[in-house]
Amino acid sequence: MKQYQTGELADLCNVTVRTVQFYEKKGLLNARKSTITPHGRRLFDEESKETLQVILILKSFGFKLKDIQIIINEQVDLKVIRTMVSEREAEVEKEIKKLSQLQKEIKQYQNYISKSSIAPLNKLLNTHQIMKRNKYQNKISSSFIKKLLPIAFIQYGIIIFSILNKSWKPVVLNFPILMIFTNLLTYQHHQIREYLCLNCQCLFSPSFKSWVIAKHTPNTRKLECVKCKETNYCIATTK
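Computed from a predicted model, the values in this text were never measured in an experiment.

The rules behind each value
- Residues numbered from 1 in each chain as written.
- Predicted model: local features only at pLDDT ≥ 70, side-chain atom pairs only at ≥ 80, totals over all residues.
- Heavy atoms only, no water.
- Patch = residues over 30% accessible without salt bridge, like charges linked within 9 Å, V, L, I, M, F, W, Y side chains within 5 Å.
- Areas by Shrake-Rupley, 256 points an atom, 1.4 Å probe, with all protein chains shown as cover.
- Salt bridge = Lys/Arg side-chain N within 4 Å of Asp/Glu carboxyl O.
- Helix = DSSP H or I, 4+ residues; strand = E, 2+ residues; numbered from the N terminus.
- Buried < 20%, exposed > 50% of the residue type's maximum accessible area, 1.4 Å probe, protein only.
- 1 Å grid on protein atoms, 1.4 Å probe; cavity = no way out; pocket = protein on both sides within 12 Å on 5 of 7 lines; lining within 4 Å.
- Points joined across faces, edges and corners; volume = space filled by probe spheres on them.
- Nonpolar A, V, L, I, M, F, W, Y, C, P; charged D, E, K, R; others polar.
- Axes fitted to C-alpha atoms, helices over the stretch in contact; angles between N-to-C directions.
- Left-handed = near helix turned anticlockwise from the far one by under 90°.
- Contact = heavy atoms within 4.5 Å.
- Expected span 1.5 Å × (residues − 1).
- Polar contact = N/O pair within 3.5 Å; in protein donor to acceptor, adjacent residues only side chain to side chain.
- Core = buried A, V, L, I, M, F, W, Y, C linked by side-chain atoms within 4.5 Å.
- Pairing = 2+ DSSP bridges.
- Phe/Tyr/Trp six-rings, centres within 6.5 Å; stacked < 30°, edge-to-face > 60°.
- Lys NZ or Arg CZ within 6 Å of the ring centre and 35° of its normal.

Undergrad: Explanation requested: a nonpolar patch on the surface in the structure shown.
TA: A surface patch of nonpolar side chains, amounting to about 420 Å² of accessible area, comprises Ile159, Ile163, Trp168 and Val172. Its location among the elements puts Val172 in helix 8 (residues 169-191). In this structure Val172 comes out as exposed when scored by relative accessible area, which is 56%.

If you want it as structure tokens, here you go:
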């Protein structure tokens, strides 16, 4: 039967010598103590090689050392292994969900802090609070949209009515009312908003004029910070 020194076994299984020594110390690998090289080195047989390969497979599944010890020492069959692998799969699914959520939070922090931010460390608390507050941002936006929907329906109704009656008079008469109502809603929306500067993490409320004309996305506006005077796409939040 072929025999392997520690280094040879390590090379065959693509692991370090210390790994082989670790599993031997834990009682998972049995060196042939009766066969020792002239230099006093232990030898491992083919069975030890197979055992190490099985250990490495189980380790790749993420099994803990205590579980591997039970599997090896009790020589469990593949039916038991399949059950354990299925249980491990469920654990991996939970880990993936946690990591996915963590990844989203990390990306969110990156979005809230500019690469060249000058804010001190304690401003991280402010950033964290704004992120928590903005979890409810969609509810505010949905409420604003619900207020605009009736106006949109009324306007489409008036336009259709005007087309059917071949008269633009209803549209013209309704236009001032539409403008007043729309401007009022816009002003109210501005009043409940404040913005986070990505550079200094300062919260500020821009003037109505600068807010209206600023370039924007659904959640940001390009504004000049009142504190650091940097112009960035600042993140919207509610007061």
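From this point, the discussion proceeds with the structure in view.
Undergrad: Help me understand the layout of surface pockets in this model?
TA: In this approach a probe as big as a water molecule rolls over the atoms, and the regions it shows empty are the leftover space. Estimated volume of the largest pocket: approximately 460 Å³. Lining the largest pocket are 21 residues, with Glu50, Thr51, Val54, Ile72 and Gln75 positioned closest to its centre. The dominant element in the lining of the largest pocket, judged by the number of residues it contributes, is helix 3 (residues 46-60), at seven residues. Looking at the lining of the largest pocket residue by residue, the class counts come to eleven nonpolar, six polar and four charged.

Undergrad: I'm lost on the environment of Lys135 in this one. Help?
TA: Relative to the elements of secondary structure, Lys135 occurs in the loop between helix 6 (123-133) and helix 7 (137-164). Here the alpha-carbon distance between Lys135 and Thr237, two residues 102 residues apart in the chain, equals 9.7 Å.

Undergrad: Help me out: how do you make sense of the packing of helix 3 against helix 4 (residues 65-74) in this one?
TA: Helix-helix packing is characterised by the crossing angle of the two axes and by the distance between the axes. The interhelical angle for the contact between helix 3 and helix 4, taken along N-to-C directions, is 145 degrees, at an axis separation of 10 Å. Read as a crossing pair, helix 3 and helix 4 show a hand that is right-handed. Residues Thr51, Val54, Ile55, Leu58 and Lys59 of helix 3 touch helix 4, and the partners they reach there are Ile68, Ile71 and Ile72. Here the contact of helix 3 with helix 4 is composed, by residue class, of six nonpolar, one polar and one charged.

Undergrad: Please explain helix 3 as it appears in this structure.
TA: Note that an α-helix has 3.6 residues per turn; residues three or four places apart therefore point the same way. The terminal C-alpha atoms of helix 3, which comprises 15 residues, lie 21 Å apart, in line with the 21 Å expected from a rise of 1.5 Å per residue. Looking at the packing, one finds that the buried side of helix 3 touches strand 1 (3-5), helix 1 (6-12), helix 2 (17-25), strand 3 (42-45), helix 4 and helix 5 (78-112). By the N-cap criterion, in which a side-chain oxygen at the helix start approaches the backbone nitrogen of a residue two or three places on, helix 3 is capped by Asp45, the distance to Glu47 being 3.3 Å. Two residues or fewer past helix 3, Gly62 is found with a positive phi of approximately 90 degrees.

Undergrad: What is the right way to read the nonpolar core from this model?
TA: In a soluble, globular protein the nonpolar side chains are often hidden away together inside. Ranked by size, the top nonpolar core spans 19 residues in total, and within it Leu9, Val20, Leu29, Leu52, Ile55 and Ile68 carry the most contacts. Elements represented by at least two residues in this core include exactly helix 1, helix 2, helix 3, helix 4 and helix 5. Among all residues touching Val20, those that are not within four sequence positions of it are Thr6, Leu9, Ala10, Val15, Leu29, Phe44 and Leu52. Counting residues in each nonpolar core, the second largest holds eleven residues, with Cys202, Phe204, Cys225 and Cys234 among its members.

Undergrad: Honestly, the pairing of strand 7 (residues 231-238) in this entry has me stumped. Any pointers?
TA: Regular strands place side chains that alternate from one sheet face to the opposite one. Relative to strand 7, strand 4 (residues 193-196) is paired through four bridges, and the arrangement is antiparallel. Each bridged residue has a counterpart across the sheet, and for Arg193 the counterpart in strand 7 is Thr238. Inspection of the sheet shows strand 6 (residues 220-224) paired to strand 7 by five bridges, in the antiparallel sense. Across the sheet, Thr220 pairs through a bridge with Ile235, a residue of strand 7.

Undergrad: Honestly, the packing of aromatic side chains in this entry has me stumped. Any pointers?
TA: The way to describe two aromatic rings as a pair is by their centre distance and the angle between their planes. Tallied over the full model, the rule gives four aromatic pairs. Between Phe22 and Tyr23 the ring centres are 5.4 Å apart and the planes differ by 70 degrees, which places this aromatic pair in the edge-to-face class. Assessed through its relative accessible area of 37%, Phe22 is described here as partly exposed. We note Arg221 situated over the ring of Trp211; from NZ or CZ to the ring centre the distance is 4.1 Å.

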